[in-house]
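One-letter residues, chain by chain:
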Amino acid sequence: MNHDVAVVGAGPAGLATAVTAARAGCRVALLDSAPRLGGQFWRHGASESSGREHQAWSVFAALRADLLDSEVDYTAAAAVWFVESTPDGFRLQVTGHPPVRARRLVVATGAYDRALPFPGWDLPGVVTPGAAQALLKGSGVAVGARVVVAGAGPFLLPVATGLLAAGARVAGVYEAGEPLRYARRPGAIALGKLAEAARYAATLARHRVPYRTGHAVVAAHGESAVSSVEVGRLDRHGAVVSGSRRSIGCDAVTVGYGFTPQLELPLALGCGTWLDVDGSLVLEVDVAGRTTVPGVYAAGEVTGVGGADLALTEGRLVGAVVALASGRRSPYPDSVLTRMLDRRASQRRFARLMHEVHAPPAGWPSWLDDSTLVCRCEEVPLARVRAAVTDLGATDARTVRGLCRTGMGWCQGRTCGYATAALTARLGGRALTAADLVAYARRPIAQPVPLAELAGPADQSGGKRYRPA
Amino acid sequence: MSWTHLPGAPTFSIRFDGEPVTAVPGQTVAAALWAAGVRSWRATRGAGAPRGLFCGIGACFDCLVTVDGVPDQRACLVPARPDQQVTSR
């Protein structure tokens, strides 16, 4: 069946897009790699009651009801591993399912935690905040009995309070940024956000959890798993203030510095990108959510990390835009669309402020020693990355990749891409560029796929056959 | 260990390197192992260093494991099923 639009990703952005476009009469395919709707933000367990403590769960429940009520062709556990342009739109190859064809494509693939390396970050028990959240929300398991929560960004707070609610002890929350800087731009913050932050702060205080800003976990120690971390105070360059290091015992630590948007599909189609203020590679989109490739739209974190509220707004807007482009009537009157555009602008302003407040500390490379792994998969230490630049003369991230094998292992640069690109730029005495990040983000095969699937029967139109460009 | 049992949920067993591990419907293989106190189930090719869960959402591939004879499965994504055979690598 040929759809008007294929939406990839069923988190806040993708759900809102699919429901809005379907309401306007579009034939919509919604594909998501997870077994349940909701994306990372609304991740929940198999039982119906397991998600109710979530933020904005009622919004999710309403979207899900709308979706189930609609004609949307939703496929769960459907990872899109390849996308190509066809004369009449796009063809998506999906693991375990027949290819999906659609005239238009909406990329709502979200983001995953951005990690920075530090000594000991490869020890078992050192995980991202997203991992702790997924374990808890998806599977009902607390990541540790005594957990240190660290990194940068508002996401650390629900991770810490979620662990407390599950009965774990939180040994401390160490935020590298300086949230007091929010106070300098009070107009940029919605009241709802302030109330939310106040609730988290009250919960941490009630459990006597230390909350320190301008601090980071700069090393992890342990034999077969983490048993302690070193926490240090950061100077304004992000280096550890001498004498400020102290050790904290724990059986798990979560560390994350913002998020990395997932861009395999739009990069494979040639969509333009730029370097956002948080240092993430994001899609270049216009006010209507159109990427630089005709027929490809984007909503949510892939257009710039900004959280679920912004993703919902963008999803509704793009759903309406796609409906109009497909010759359907707008699901919203113009006045509502105008208000949505205003809301998106103010949510983007807040996101920009959030990125300024919670920027990755510039001095993070000074926390590493020569043997610290930068690339976990290929086990490439800092010394080899440095040698590639200073001894072998590499000036760009792609050359470093070729010389060191950073980003050439199992994860294909998803984990080390940002850090390696940023290190390369710094060692070369220049600023990070979008091209550095593109070198680690291009993955034409977007998901691992068994050879049997590659070799499987082609669809009738000859898909999957290799045709040189 | 760090284990939040969902109230009223029935449990079942999977096997990790032959040993029984309790799981709850809807849990991933990684979550069941983690709840049983297992923190690593793979050794790296180079240093032989232990690895287990890292990103928890299928991006980092650190948690690769063999499930019912199929190698290189992401333990953080594969749902636990009764009598599943999980083998470290």
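Just so you know, these numbers come straight off a predicted model, no measurement behind them. Each chain has its residues counted from 1, following the order in which its sequence is written. Chain letters and ligand numbers both follow the written order, the letters beginning at A and the numbers at 1. Given that the model is predicted, a residue must reach a pLDDT of at least 70 before its local features are reported, and side-chain atom pairs must reach 80 or more before they are shown or counted; all residues, however, enter totals for whole chains, interfaces and linings. Just so you know, side-chain values use all the structure's heavy atoms and leave hydrogens and water out.

### Digging into the confidence of the model for chain A
Thinking step 1. When pLDDT is averaged along chain A, the result is 93, and 96% of the positions lie at 70 or above.
Thinking step 2. The low-confidence segment residues 460-469 of chain A, where pLDDT is below 50, has 15 contacts with residues more than four positions distant or belonging to other chains. How sure the predictor is of each residue is captured by pLDDT, a score from 0 to 100. Contacts are assigned to residue pairs with any non-hydrogen atoms lying within 4.5 Å of each other.

### Observations concerning the environment of L267 of chain A
Residues and elements named next belong to chain A.
Thinking step 1. In DSSP terms, a helix is any run of H or I states spanning at least four residues, a strand is any run of E spanning at least two, and both are numbered starting from the N terminus. Looking at the secondary structure, you find L267 in helix 6 (residues 264-268).
Thinking step 2. A simple rule labels every residue: compare its accessible area, found with a 1.4 Å probe on the protein chains alone, to the largest value its type can have, and call it buried under 20%, exposed over 50%, or partly exposed in between. Overall, L267 belongs to the buried group, its relative accessible area being 4%.
Thinking step 3. When the C-alpha atoms of L267 and D278 are compared, they prove to be 19 Å apart, with 11 residues separating the residues in sequence.
Thinking step 4. When sequence neighbours within four positions are dropped, the list of residues in contact with L267 reads T273, L281, A441 and R442.

### Description of the sheet that holds strand 8 (residues 126-127) of chain A
In a beta sheet, neighbouring strands pair by backbone hydrogen bonds and run either parallel or antiparallel.
Residue and element names in this part refer to chain A.
Thinking step 1. One bridge is not enough; two strands pair if DSSP finds at least two bridges between them. Spatially, 5 strands are ordered 8-15-9-10-11 in an open sheet, and the strand pairing comes out parallel. Each of the sheet's edge strands pairs with one partner strand only, and the pair in question is strand 8 and strand 11 (211-213).
Thinking step 2. Inspection of the sheet shows strand 9 (residues 146-152) paired to strand 10 (residues 169-175) by 6 bridges, in the parallel sense. Each residue of the ladder has a partner; that of V149, found in strand 10, is V173.
Thinking step 3. Its contacts with the sheet place helix 4 (residues 156-165) against strand 9, strand 10, strand 11 and strand 15 (252-257), and it is angled at close to 170° to strand 9. Axes here mean lines fitted to C-alpha atoms, for a helix over just the part in contact, with angles spanning 0 to 180 degrees between N-to-C directions.

### Points about unusual backbone geometry
Residues and elements named next belong to chain A.
Thinking step 1. We note that E379 has phi near 55°; this positive angle belongs to a residue other than glycine.
Thinking step 2. Looking at where E379 falls in the secondary structure, it is placed in the loop between strand 20 (373-375) and strand 21 (380-381).
Thinking step 3. Of the residues examined, E379 reaches a relative accessible area of 14% and is grouped as buried.
Thinking step 4. Positive phi outside glycine occurs at Q412, with the angle close to 55°.
Thinking step 5. If you trace the backbone, Q412 turns up in the loop between helix 10 (397-404) and helix 11 (417-427).

### A few points about the side chain of E379 of chain A
Thinking step 1. Counting rule for charge: Lys and Arg are taken as positive, Asp and Glu as negative, and neither His nor the chain ends is counted. Definition used for salt bridges: Asp or Glu carboxyl oxygen within 4 Å of a side-chain nitrogen of Lys or Arg. Although E379 of chain A is buried, it makes no salt bridge; R51 of chain B carries the closest opposite charge, 5.0 Å away.
Thinking step 2. Any N or O atom pair separated by 3.5 Å or less is treated as a polar contact, with the protein-specific requirement of one donor-capable and one acceptor-capable atom, and with residues adjacent in sequence counted only for side-chain atom pairs. From its side chain, E379 of chain A meets the backbone nitrogen of G46 of chain B in a polar contact 2.7 Å long.
Thinking step 3. Among all residues touching E379 of chain A, those that are not within four sequence positions of it are L373 and R384 of chain A together with T44, R45, G46, A47 and R51 of chain B.

### A short note on the nonpolar core
Thinking step 1. Put simply, buried Ala, Val, Leu, Ile, Met, Phe, Trp, Tyr and Cys residues joined by side-chain atoms within 4.5 Å make one nonpolar core. By size, the foremost hydrophobic cluster in this structure holds 91 residues, and its most contacted members are L92, L105, V148, V217, V229 and W367 of chain A.
Thinking step 2. Apart from the residues lying within four places of it in its own chain, the contact partners of W367 of chain A are F118, P119, A216, V217, V218, L234, G238, A239, V240, Y257 and P361 of chain A.
Thinking step 3. By size, the runner-up hydrophobic cluster in this structure holds 45 residues, among which are A252 of chain A together with V21, A32 and L53 of chain B.

### Here we look at the environment of T390 of chain A
Thinking step 1. Position of T390 of chain A among the secondary structure elements: in helix 9 (residues 382-390).
Thinking step 2. A distance of 3.4 Å separates polar atoms of two side chains, one belonging to T390 of chain A and the other to D391 of chain A.

### Examining helix 11 of chain A
All names here are of chain A.
Thinking step 1. Along helix 11, 9 of the 11 residues are buried, which leaves the element largely enclosed by surrounding structure.
Thinking step 2. Of the residues making up helix 11, those classed as buried are G417, Y418, A419, T420, A421, A422, L423, T424 and A425.
Thinking step 3. Against strand 20, helix 9, helix 10 and helix 12 (434-441) lie the buried residues of helix 11.
Thinking step 4. One or two positions beyond helix 11, positive phi appears at G429, with a value near 70°.

### Thoughts on the interface of chain A and chain B
When the parts of a complex come together, some accessible area is lost, and that lost area is often used as the size of the interface.
Thinking step 1. Contacts between chain A and chain B engage 39 residues on the former and 31 residues on the latter.
Thinking step 2. Summed over both partners, buried area is the accessible surface (1.4 Å probe) that two parts give up on being assembled. Carbon and sulfur atoms supply 59% of the area buried between chain A and chain B, which totals about 2900 Å² over both sides.
Thinking step 3. Linking chain A with chain B are 3 salt bridges, by the criterion used here.
Thinking step 4. The interface formed by chain A and chain B includes 12 residue pairs in polar contact (both at pLDDT 80 or more).
Thinking step 5. Broken down by secondary-structure element, the contributors of at least two residues to the side of chain A that touches chain B are strand 8 and helix 3 (129-139) of chain A.
Thinking step 6. Per element, the largest residue contribution to the side of chain A that touches chain B is 6 residues, and it comes from helix 3 of chain A.

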